[in-house]
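Structural features, examined
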Amino acid sequence: MAGFSSMFVIGSPGGFMGADGVNSIALLVLVGDGNRQWLEPQYVAPSLGPIGRLRVLIPEGPNHPDALLDACLAFFPEPFRECPSFREVEAALQDQDYLDFDLKPHRIPKAWFRLREEAKPHFANLWIWKADLVPVQPA
């Protein structure tokens, strides 16, 4: 069996410096756990979309340090479009539905790793929250 265990919320801060949590949600990145971990987007803002047709990202390993950055690059590309390697990556991924850093790293464009480095300053400016999904038993 597999299911979602957590999610990342990407949006805008509420209140001063995010003191009131997230106010405007752009994207949810759902984290699924099964025989391998995967991430997939759920868009709240209708104007957003991934690079090409990307719908699933499988990180190199569970909770890999680059998984969230990779998910933002794949599913929330707008902040990274000005990075020098972005267009090369976008062209290489136009027909791919998923990125698999675990079992199919040969399908990851070589420019992705340059883009990852170029994107880090932009990534640091995003507002991201994490939520662990736990069952609630209504009374």
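Attention in this report is confined to the structure presented alongside it. As the structure is a prediction and not an experimental result, all values here were calculated from the model. (Residues numbered from 1 in each chain as written. Predicted model: local features only at pLDDT ≥ 70, side-chain atom pairs only at ≥ 80, totals over all residues. Heavy atoms only, no water.)

**Structural notes on the packing of aromatic side chains**
Under the definition given, this model contains 4 aromatic pairs. Here F101 and F113 contribute two aromatic rings whose centre-to-centre distance is 6.4 Å and whose plane-to-plane angle is 85°, an arrangement assigned as edge-to-face. With F101 in the loop between strand 5 (98-100) and helix 3 (111-123) and F113 in helix 3, the pair connects residues that are 12 residues apart, well separated along the chain. Residue class for F101 comes out buried when judged on its relative accessible area of 7%. These aromatic residues form a ring-pair network of at least three members: F101, W112 and F113. Its guanidinium or amino end placed over the ring of Y98, R107 lies 5.2 Å from that ring's centre, counting from NZ or CZ. (Phe/Tyr/Trp six-rings, centres within 6.5 Å; stacked < 30°, edge-to-face > 60°. Helix = DSSP H or I, 4+ residues; strand = E, 2+ residues; numbered from the N terminus. Buried < 20%, exposed > 50% of the residue type's maximum accessible area, 1.4 Å probe, protein only. Lys NZ or Arg CZ within 6 Å of the ring centre and 35° of its normal.)

**Describing the side chain of R116**
Along the polypeptide, R116 turns up in helix 3. The exposure class of R116 is buried, given its relative accessible area of 10%.

**Re the pattern of salt bridges**
A complete count under the given rule lists 10 salt bridges for this structure. For R53, the salt bridge goes to D97, with nearest N and O atoms at 3.0 Å. Note that R53 is positioned in the loop between strand 3 (38-43) and strand 4 (56-58) and D97 in the loop between helix 2 (86-92) and strand 5, a separation of 44 residues in sequence. Accessibility expressed as a relative area gives 41% for R53, which makes it partly exposed. The shortest N-O distance in the salt bridge between R114 and E88 comes to 2.7 Å. With a gap of 26 residues between them, R114 in helix 3 and E88 in helix 2 connect regions that are remote in the sequence. According to the relative accessible area criterion, R114 is partly exposed, its value standing at 41%. Note on E88: relative accessible area 48%, which makes it partly exposed. Here the salt bridges do not stand alone but share partners, grouping R36, D100 and D102 into one network. (Salt bridge = Lys/Arg side-chain N within 4 Å of Asp/Glu carboxyl O.)

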